Amino acid sequence: MSDETGPQDSAGSAAPRPEPLRFFGTTWVNHDRGYGLRRIGAAVGSLAAAVASCLVLRFAYEGLQIADTGAFVTVLMVAMFAICSALAFRHAWDGFGARPDPQRQASLRGLLAIGFVGSLLAYFFRSLTEAPGEKLHRQEYEAALARHAKRGARRTGNPSKKRRRA
């Protein structure tokens, strides 16, 4: 959750603001301002990028065939991209539901770069049901709103101005 805060409430404290999502901004909160069109655009865009990426990988495969590197190298390349794409898909899918560990993210950077097709496909499939990451951000935002409401409900008015019984 970002540290930004929203407008002041009646108690004078700032209400939490929703964290913007890539391509969606804060439209995910109320599903307004073109949220549906953005989801369609994100789904189509990620699928188109995945298809284009597969075409590039096909050219690489054909290059290996032309170079006549042998069946072993070809099988290694295909297996590497398949395994890395599967791992990247799983990592991206899990990342939509929980914040990833930064150290683990850094150690997997190479694997995720190789398996970029899996990440694109995970983004496509998640875009069919919601904005990717919306569920996680909604949980965090609602928890922050609940904490803010609880904090505001306890404090009413200026405590120094309370009447004391004599």
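Thresholds applied
Residues numbered from 1 in each chain as written. Predicted model: local features only at pLDDT ≥ 70, side-chain atom pairs only at ≥ 80, totals over all residues. Heavy atoms only, no water. Helix = DSSP H or I, 4+ residues; strand = E, 2+ residues; numbered from the N terminus. Buried < 20%, exposed > 50% of the residue type's maximum accessible area, 1.4 Å probe, protein only. Areas by Shrake-Rupley, 256 points an atom, 1.4 Å probe, with all protein chains shown as cover. Phe/Tyr/Trp six-rings, centres within 6.5 Å; stacked < 30°, edge-to-face > 60°. Core = buried A, V, L, I, M, F, W, Y, C linked by side-chain atoms within 4.5 Å. Contact = heavy atoms within 4.5 Å. Axes fitted to C-alpha atoms, helices over the stretch in contact; angles between N-to-C directions. Parallel < 35°, antiparallel > 145°, perpendicular 65-115°, else oblique. Left-handed = near helix turned anticlockwise from the far one by under 90°.

(A) Seen up close, the overall build of the protein chain. Helix and strand counts for the protein chain come out as 6 helices and 2 strands. Moving toward the C terminus, one meets the helices and strands of the protein chain in the order β-β-α-α-α-α-α-α. When each of the 166 residues of the protein chain is scored for burial, the buried share is 31%. Working note: accessible area of the protein chain is about 11,200 Å², and carbon and sulfur atoms make up 61% of it.

(B) Seen up close, the packing of aromatic side chains. Evaluation of the coordinates by the stated rule reveals 8 aromatic pairs. Between the aromatic rings of Phe23 and Tyr123, the centroid separation amounts to 6.3 Å while the plane-to-plane angle is 85°, which identifies the pairing as edge-to-face. You can see Phe23 sitting in the loop between strand E2 (14-16) and helix H1 (35-67) and its partner Tyr123 sitting in helix H5 (residues 116-127), a full 100 residues away along the chain. Classification of Phe23 as exposed rests on a relative accessible area of 56%. Take Tyr123: its relative accessible area is 17%, and that puts it in the buried class. Relative to Tyr35, the ring of Phe24 has its centre 5.9 Å away and its plane inclined at 50°; by these criteria the two rings are tilted. Here Phe24, found in the loop between E2 and H1, pairs with Tyr35, found in helix H1; they are 11 residues apart in sequence, far enough to count as distant. One exposure class covers both Phe24 and Tyr35, and it is buried. Each member of the aromatic cluster is reached from another via a ring pair, and the members are Phe23, Phe89, Trp93, Phe96, Tyr123, Phe124 and Phe125.

(C) Highlighting the nonpolar core. Among the nonpolar cores identified, the biggest contains 12 residues, and these are Leu21, Phe24, Trp28, Val29, Tyr35, Ala42, Ala92, Phe96, Ala122, Tyr123, Ala131 and Tyr141. Among the secondary structure elements, those contributing two or more residues to this core are H1 and H5. If we skip the residues at most four places from it in the chain, Trp28 touches Pro18, Glu19, Pro20, Leu21, Tyr35, Glu134, His137, Arg138 and Tyr141. Counting residues in each nonpolar core, the second largest holds 5 residues, with Leu57, Met77, Phe81 and Val117 among its members.

(D) Examining the packing of H1 against H5 more closely. At a closest axis distance of 8 Å, the pairing of H1 and H5 adopts a crossing angle of 155°. When the axis of H1 is compared with that of H5, the two are roughly antiparallel. Our pair here, H1 against H5, has a crossing hand that is left-handed. Residues Arg39, Ala42, Ala43, Ser46, Leu47, Ala49, Ala50, Ser53, Cys54 and Leu57 of H1 pack against Phe116, Val117, Leu120, Leu121, Tyr123, Phe124 and Ser127 of H5.

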